[in-house]
Amino acid sequence: MATLNTITAHRLFPLPKSITESNNSYTVCISTSSSQLFLNKSNPSLNSTFSKKKRLNWVINAVAEDQDLAPAQTSGSKVHQDEDLPRSSLDGSEDSEGLSSSSVSSQGKGDNYEFDRLRSKTINATIVLAGGTLAITRLLTIDHDYWHGWTLYEVLRYAPEHNWVAYEEALKTNPVLAKMAISGAVYSIGDWIAQCYEGKPLFEFDLTRMLRSGLVGFSLHGSLSHYYYQFCEALFPSKDWWVVPAKVVVDQTVWAAIWNSIYYVALGFLRRESPANIYGEVKSTFWPMLTAGWKLWPFAHLITYGVIPVEQRLLWVDCVELIWVTILSTYSNEKSEARITEATQEANSRSSNNAED
């Protein structure tokens, strides 16, 4: 009977769906009210008044229940959202620790870079200043055994002449070693000039690169040039007018091609490059460097073979080599750096592809 009264009350006084679904207490209330309504059937006015009051109470209770349930549901949803969020996003501790560790590591790398840069700069400055001081001292003190009573003017006046005499004596006693020393110094200074021309500061040059170039000049250029000039004099013993142009042609075709190739091969081996890379560099630089030399050396060699004696030729050539070595060193190292960059990019691309696979 109670169930029937409840169904009938629902049909007569339909309630909002939220009220009937939210709380089962409404069903009890409806059952009781409907029972009383049907029990008082005999008094229609009383039933009508009672129904209006009950409907008003239902509305008030429904509004109150909705207001109580809404914050609870909202707070519950917030709890669930907070539970879904990672702990690091709530307190920010992990993010702050990550940022602090990355900043510390970057600061450490920056400090190490600055320390290495300062150390390299100090070493380079020490070598340059020590070498320059030693050379100037040796040149100025060539007559130190005869300085008794000399003035500063007399020391500076006779120093160039007596140094030239000492150089000629060295050419007579050990010509190959003297020319090797000159070529080694010229090739080292030429590479230093090339690095400064590329934009590096005065004392922040690549010491290893400069020593490589100096070693090639000392071990190969000085000795090979000595024997080449001797061979050239034996090949053209005549003193006719056409001998000088003929020597220039041979120098700028046969000898220039041979020496440029030797220079790049030697530097490649000193850089520990593979034979394939060395061959590629020689092949790619052969014709450009040969034609570039034609803009400089023919005019210089008119003096080399027409005016300078055979024993002093290498000294004159090495003075001009300061310009030529700058060109050679710059071109060679540009090619080497380009290959290193390409190899690094290929390695990075391969590693990224392997990681994706």
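In this report, we go over the structure that sits alongside the text. Source: prediction; values computed, not measured.

So, the pattern of salt bridges
For step 1, the next point in the chain: Enumeration according to the criterion identifies nine salt bridges in this entry.
For step 2, the next point in the chain: A salt bridge links Arg117 to Glu204; the shortest N-O distance between them is 3.2 Å. Here the residue Arg117 occupies a position in helix H6 (residues 93-140), and Glu204 occupies one in the loop between helix H8 (175-197) and helix H9 (207-235), the gap between them amounting to 87 residues.
For step 3, the next point in the chain: Its relative accessible area of 37% is what places Arg117 among the partly exposed residues.
For step 4, the next point in the chain: For Glu204, a relative accessible area of 22% corresponds to the partly exposed category.
For step 5, the next point in the chain: Three or more residues are tied together by salt bridges with common partners; here these are Asp191, Glu198 and Arg209.

Overview of the packing of H9 against helix H10 (residues 243-270)
Describing two packed helices takes the angle between their axes plus the distance from one axis to the other.
For step 1, the next point in the chain: It is at 11 Å that the axes of H9 and H10 come closest, and there the two elements cross at 155 degrees. Our classification of the angle between H9 and H10 gives roughly antiparallel. When you trace H9 past H10, the crossing you get is right-handed. Between H9 and H10, the residues in contact are Arg212, Ser213, Leu215, Val216, Leu220, His221, Leu224, Ser225, Tyr228, Tyr229, Cys232 and Glu233 and Lys247, Val250, Asp251, Trp255, Trp259, Ile262, Tyr263, Ala266, Leu267 and Leu270, respectively.

Points about the packing of H10 against helix H12 (residues 297-306)
For step 1, the next point in the chain: Where H10 contacts H12, the two axes come as close as 9 Å, and the packing angle between them is 130 degrees. One way to sum up the angle between H10 and H12 is to call them oblique. The handedness of the crossing between H10 and H12 comes out as right-handed. The segment H10 lies against H12, with Val244, Lys247, Val248, Asp251 and Gln252 engaging Trp297, Pro298, His301, Leu302, Tyr305 and Gly306.
For step 2, the next point in the chain: Taken together, the residues of the contact of H10 with H12 break down into six nonpolar, three polar and two charged.

Things to note about the environment of Glu281
For step 1, the next point in the chain: Tracing the backbone through its elements, the reader meets Glu281 in helix H11 (residues 275-293).
For step 2, the next point in the chain: Put simply, Glu281 and Val265 are 16 residues apart on the chain and 8.4 Å apart in space, counted from C-alpha to C-alpha.

Looking at H9
For step 1, the next point in the chain: Between its first and last C-alpha, H9 extends 40 Å over 29 residues, near the 42 Å set by a 1.5 Å rise per residue.
For step 2, the next point in the chain: Along H9, the sharpest kink reaches roughly 35 degrees, centred on Gly217.
For step 3, the next point in the chain: Capping of H9 at its N-terminal end is provided by Asp206; its side-chain oxygen lies 3.2 Å from the backbone amide nitrogen of Thr208.

Calculation notes
Residues numbered from 1 in each chain as written. Predicted model: local features only at pLDDT ≥ 70, side-chain atom pairs only at ≥ 80, totals over all residues. Heavy atoms only, no water. Salt bridge = Lys/Arg side-chain N within 4 Å of Asp/Glu carboxyl O. Helix = DSSP H or I, 4+ residues; strand = E, 2+ residues; numbered from the N terminus. Buried < 20%, exposed > 50% of the residue type's maximum accessible area, 1.4 Å probe, protein only. Axes fitted to C-alpha atoms, helices over the stretch in contact; angles between N-to-C directions. Parallel < 35°, antiparallel > 145°, perpendicular 65-115°, else oblique. Left-handed = near helix turned anticlockwise from the far one by under 90°. Contact = heavy atoms within 4.5 Å. Nonpolar A, V, L, I, M, F, W, Y, C, P; charged D, E, K, R; others polar. Expected span 1.5 Å × (residues − 1). Bend = angle between axes of the 7 residues up to and from the residue. Polar contact = N/O pair within 3.5 Å; in protein donor to acceptor, adjacent residues only side chain to side chain.

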